[in-house]
Amino acid sequence: SIHDDMAHQLPPPGTARFGEATTLLAGDALFSLAIHTLTIGLPATVSLRARLSMVEELSSTVAFDLVGGQQLDACGARLIDADLAQRIRQQQTGSLLQSAVRMGCQVAGATAYQAALLDSYADGLGRLVQLSEELDHPQGPSHTLVLPEVEACEAQCLEALEPFGDEADELRVMLRKVIARVVL
């Protein structure tokens, strides 16, 4: 299984706790529920065009980025290099976070400028989450090797949130929590 190497984490991921079959079924169910929510579970004020756009956003993120990233991870474990590691990082959790932010911007009616800023925030936050996951891996990089990237991601996120002022305080709190997880 792709996730067997993560069995050392506490708490263990779903695969280690419930088995691969149950974890795969849970993922299928969650994806189906997400599509259900996007098609009929949103407020009536969200247009059909926006709903279809969000279904496309989520579907392509799952199909190309999450599944593609998992495949790179599975195949690349033997031949990992810095470029491949970066591609894997960008194609997994980070992509899902960016997709969620893009969909949230559509539901909230964000301007193109606001959406671009929040997309930049989600990109930096997603890279931090991926770094955290890499650091949890026994063969992962050391904390000192990733500190420059952590600082760059933090600066990117804070710059993206600056125009929102106090309205983005919760996002700053989330950023600090993720950074604390990475640098511990």
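The structure contained in this document is the topic of the report that follows. (Residues numbered from 1 in each chain as written. Predicted model: local features only at pLDDT ≥ 70, side-chain atom pairs only at ≥ 80, totals over all residues. Heavy atoms only, no water.)

### Observations regarding the overall build of the protein chain
Heads up, the condition is: Secondary structure follows DSSP: runs of H or I at least 4 residues long count as helices, runs of E at least 2 residues long count as strands, and numbering of each begins at the N terminus. Only protein chains enter the accessibility calculation, which uses a 1.4 Å probe. A residue is then buried if its area is under 20% of the maximum for its type, exposed if over 50%, and partly exposed in between. Residue contacts follow a heavy-atom distance rule, with two residues in contact if any of their heavy atoms lie within 4.5 Å.
Each helix and strand counted, the protein chain has 8 helices and 0 strands in total. From first element to last, N terminus to C terminus, the protein chain shows the α and β order α-α-α-α-α-α-α-α. Residues counted as buried form 32% of the 184 residues belonging to the protein chain. Within the protein chain, counting contacts between residues at least 6 apart in sequence, those at least 24 apart form 63% of the total.

### Quick notes on the packing of helix α6 (residues 112-136) against helix α8 (residues 169-183)
We count it as follows: Between N-to-C directions, angles cover 0 to 180 degrees, with each direction set by a line fitted to C-alpha atoms, over the stretch in contact for helices. Small angles under 35 degrees read as roughly parallel and large ones over 145 as roughly antiparallel, with 65 to 115 read as roughly perpendicular and the rest as oblique. The crossing is said to be left-handed when, going from far helix to near helix, the turn is anticlockwise and less than a right angle, and right-handed when the turn is clockwise. Polar here means any residue other than Ala, Val, Leu, Ile, Met, Phe, Trp, Tyr, Cys and Pro, which are nonpolar, and Asp, Glu, Lys and Arg, which are charged; Gly is therefore polar.
Viewed as axis vectors pointing N to C, α6 and α8 meet at an angle of 25°, and their least axial separation amounts to 9 Å. Here α6 lies roughly parallel to α8, going by the angle between them. Both α6 and α8 take part in a crossing whose hand is left-handed. Between α6, through Leu118, Tyr121, Leu125, Leu128, Val129, Leu131, Ser132, Leu135 and Asp136, and α8, the contact on the second element is made entirely by Leu171, Met174, Leu175, Val178, Ile179, Arg181 and Val182. Here the contact of α6 with α8 is composed, by residue class, of 13 nonpolar, 1 polar and 2 charged.

### Here we look at the side chain of Asp119
Worth spelling out the cut-off: Here a polar contact means two N or O atoms within 3.5 Å. Within protein one must be a hydrogen donor candidate and the other an acceptor candidate, and residues neighboring in sequence count only if both atoms are side-chain atoms.
If you trace the backbone, Asp119 turns up in helix α6. Of the polar contacts made by the side chain of Asp119, one reaches the side chain of Arg102; its length is 3.1 Å.

### Section: the environment of Glu56
Structurally, Glu56 is set in helix α3 (residues 48-76). Judged by its relative accessible area of 48%, Glu56 falls in the partly exposed class.

### Section: the side chain of Gln156
Inspection of the secondary structure puts Gln156 in helix α7 (residues 143-161). For Gln156, the side chain forms a polar contact with the side chain of Asp123, separated by 2.8 Å. Non-local contacts of Gln156, meaning those with residues more than four positions away in its chain, are made with Ser120, Asp123, Gly124 and Arg127.

Just geometry here; none of it tells us what the structure is for.
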